[in-house]
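Here are the chains, one letter per residue:
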Amino acid sequence: MKTRLLNLHEVDKAAEIICAGGLVGIPTETVYGLGADGLNPMAVRSIFQAKGRPQDNPLILHIWSKDWLERYCDDIPETAFQLAEEFWPGPLTMILKCKRRSPEELMALKTGPISSLTHFGPRVIPDEVTAGLDTVGMRCPAHPLCRLLIRMVDCPIAAPSGNTSGRPSPTTVQHMLADMDGKIPAILDGGPCNVGVESTIIDLTGAEPQLLRPGGITLEQLQTVLGRVAVDPAVTRQMEKGESPRAPGMKYRHYAPKAPVTAVKGEPERGADYIWNHLSHTRWDGVICFEEFVSLFAGGEGPVLSLGSAADKGEQARRLFDALRAMDDTDVKRIWAQCPDDSGIGLAVSNRLNKAAGFHVVEV
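Residues numbered from 1 in each chain as written. Predicted model: local features only at pLDDT ≥ 70, side-chain atom pairs only at ≥ 80, totals over all residues. Heavy atoms only, no water.

**Q** Could you clarify how one ought to interpret the overall build of the protein in this entry?
**A** The number of helices and strands found in the protein is 13 helices and 17 strands. Scored against the burial criterion, the 364 residues of the protein give a buried share of 56%. Of the contacts formed within the protein by residues at least 6 apart in sequence, a portion of 69% connects residues at least 24 apart. Accessible surface, the protein: about 14700 Å² in total, of which carbon and sulfur atoms supply 52%. (Helix = DSSP H or I, 4+ residues; strand = E, 2+ residues; numbered from the N terminus. Buried < 20%, exposed > 50% of the residue type's maximum accessible area, 1.4 Å probe, protein only. Contact = heavy atoms within 4.5 Å. Areas by Shrake-Rupley, 256 points an atom, 1.4 Å probe, with all protein chains shown as cover.)

**Q** Sorry, what's going on with the pairing of strand 11 (residues 210-213) here?
**A** Sheet faces and side chains relate simply in a regular strand, where the side chains alternate between the two faces. The pairing of strand 10 (residues 200-203) with strand 11 spans three bridges and is antiparallel. Note that in strand 11 the partner of aspartate 203 across the bridge is glutamine 210. As consecutive antiparallel partners, strand 10 and strand 11 are separated by six residues. Bridge count between strand 11 and strand 12 (residues 230-231): two bridges; the pairing is parallel. Bridging across to strand 12, glutamine 210 finds its partner in alanine 230. Handedness of the β-α-β unit built from strand 11, helix 9 (residues 219-226) and strand 12 comes out right-handed. (Pairing = 2+ DSSP bridges. Right-handed = clockwise from strand over helix to strand, strands pointing away.)

**Q** What exactly am I supposed to notice about the packing of helix 1 (residues 11-19) against helix 7 (residues 144-153) here?
**A** How two helices pack is summed up by the angle between their axes together with the distance between the axes. Closest axis-to-axis distance for the helix 1/helix 7 pair is 9 Å, and the angle between their directions is 50°. Classed by the angle they form, the pair helix 1 and helix 7 counts as oblique. Considering only the axes of helix 1 and helix 7, their crossing is right-handed. Contacts from Val11, Asp12, Ala14, Ala15, Ile18 and Cys19 of helix 1 reach helix 7 at Leu145, Leu148, Leu149, Met152 and Val153. Taken together, the residues of the contact of helix 1 with helix 7 sort by class into 10 nonpolar, no polar and one charged. (Axes fitted to C-alpha atoms, helices over the stretch in contact; angles between N-to-C directions. Parallel < 35°, antiparallel > 145°, perpendicular 65-115°, else oblique. Left-handed = near helix turned anticlockwise from the far one by under 90°. Nonpolar A, V, L, I, M, F, W, Y, C, P; charged D, E, K, R; others polar.)

**Q** Whenever I open this one, the side chain of arginine 352 confuses me. Can you help?
**A** For arginine 352, the location among the structural elements is in helix 13 (residues 346-356). Owing to a relative accessible area of 0%, arginine 352 belongs among the buried residues under this scheme. A distance of 2.8 Å separates polar atoms of two side chains, one belonging to arginine 352 and the other to glutamate 198. (Polar contact = N/O pair within 3.5 Å; in protein donor to acceptor, adjacent residues only side chain to side chain.)

**Q** I would appreciate a short explanation of unusual backbone geometry in the present structure.
**A** Peptide bonds are, in most cases, trans, and in most cases residues other than glycine have a negative phi. A cis amide bond, omega -10°, links tryptophan 88 with the succeeding residue proline 89. Here proline 89 lies in the loop between helix 4 (78-87) and strand 6 (92-98). Positive phi, normally seen in glycine, also occurs at aspartate 75, with a value near 50°. Structurally, the position occupied by aspartate 75 is in the loop between strand 5 (73-74) and helix 4. Relative accessible area serves as the criterion here: at 53%, aspartate 75 is assigned to the exposed category. For aspartate 154, which is not glycine, the phi torsion reads 55° and is therefore positive. Topologically, aspartate 154 is positioned in the loop between helix 7 and strand 8 (157-158). We classify aspartate 154 as partly exposed; its relative accessible area is 47%.

**Q** Please clarify how the sheet that holds strand 16 (residues 334-339) should be interpreted in this entry.
**A** Paired through their backbone hydrogen bonds, the strands of a sheet run either parallel or antiparallel. Here five strands make up an open sheet; going across it, the order is 15-14-16-13-17 and the pairing parallel. One side of each edge strand has no neighbouring strand; the edge strands of this open sheet are strand 15 (304-306) and strand 17 (361-363). Neighbour-to-neighbour, the strand axes of this sheet turn through a mean angle of 20°, independent of strand direction. Across three bridges, strand 13 (residues 261-265) lies against strand 17 in parallel orientation.

Structure follows, in structure tokens:
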């Protein structure tokens, strides 16, 4: 299979592929996604096959507007509409109760073609999307090409990040082509992603809102609408054996380049000193650091990449996955990475680095 790059004038071709049950790489404001008809079980299964993704890792459905929530979700709290009003379209995913299925719908899903569901009303969300949970992640993306595509296919698009499972997420069409060339029919080129880390995931199904994954909408922003927001322990630690992920990105090692990563967290000058004192100072050690310290490491033999200014966490989010991927083009055996503090979008950058490092984090 030859993977075709589609330009902004070829969205109709991407829509045709999705409507026919195929996969398309799609741009969003966060990262590129691997998109399929989110109501077609066979199409959704092909996402897992193309990515090599574990089947118990649920997917996010990308929808046109908050008006679509009532098509696919039950028991929607008022807070969902408040968040949608404030942050949609945008990098926020809400975990909500999935609309209940009748026995007839369940039987049709198991035994009949997709067309057999039409006389039951709107098609339903298959278990392949929810990983068998009674909840589903819903997001209304902001990228104009992604929104146009959703409008054209007139169904939710299931779209995890468009990388091989475990690798750094793609923030450019070139990143996605590197992982998916020959595996999918096409990728829609929407330019570089302007957020750079995946969407924030907030669970609204419990007694209080709970942050499951930090992202482009910060914890502080959520708190301005919701008040208290609990933070799931998996945001800052590895999930325990036997725990089931309630949202994408919670359980497995993610975002990882080929070489092992050590994340160094703390005051920037101290972090840079720690890395300098523990480097091998050979070409086998690579460094990802804040812009202010590039000159400190540039005299060595190993590659040095800037994460952006220590004060600009938005730029750090945009550069992070590109830097991790760039290290794969070198022969480094170990990567040292400076990590921001947890305020603002720094929590998302820190979370991704921690996971890339397998939670091998040094506090200085």
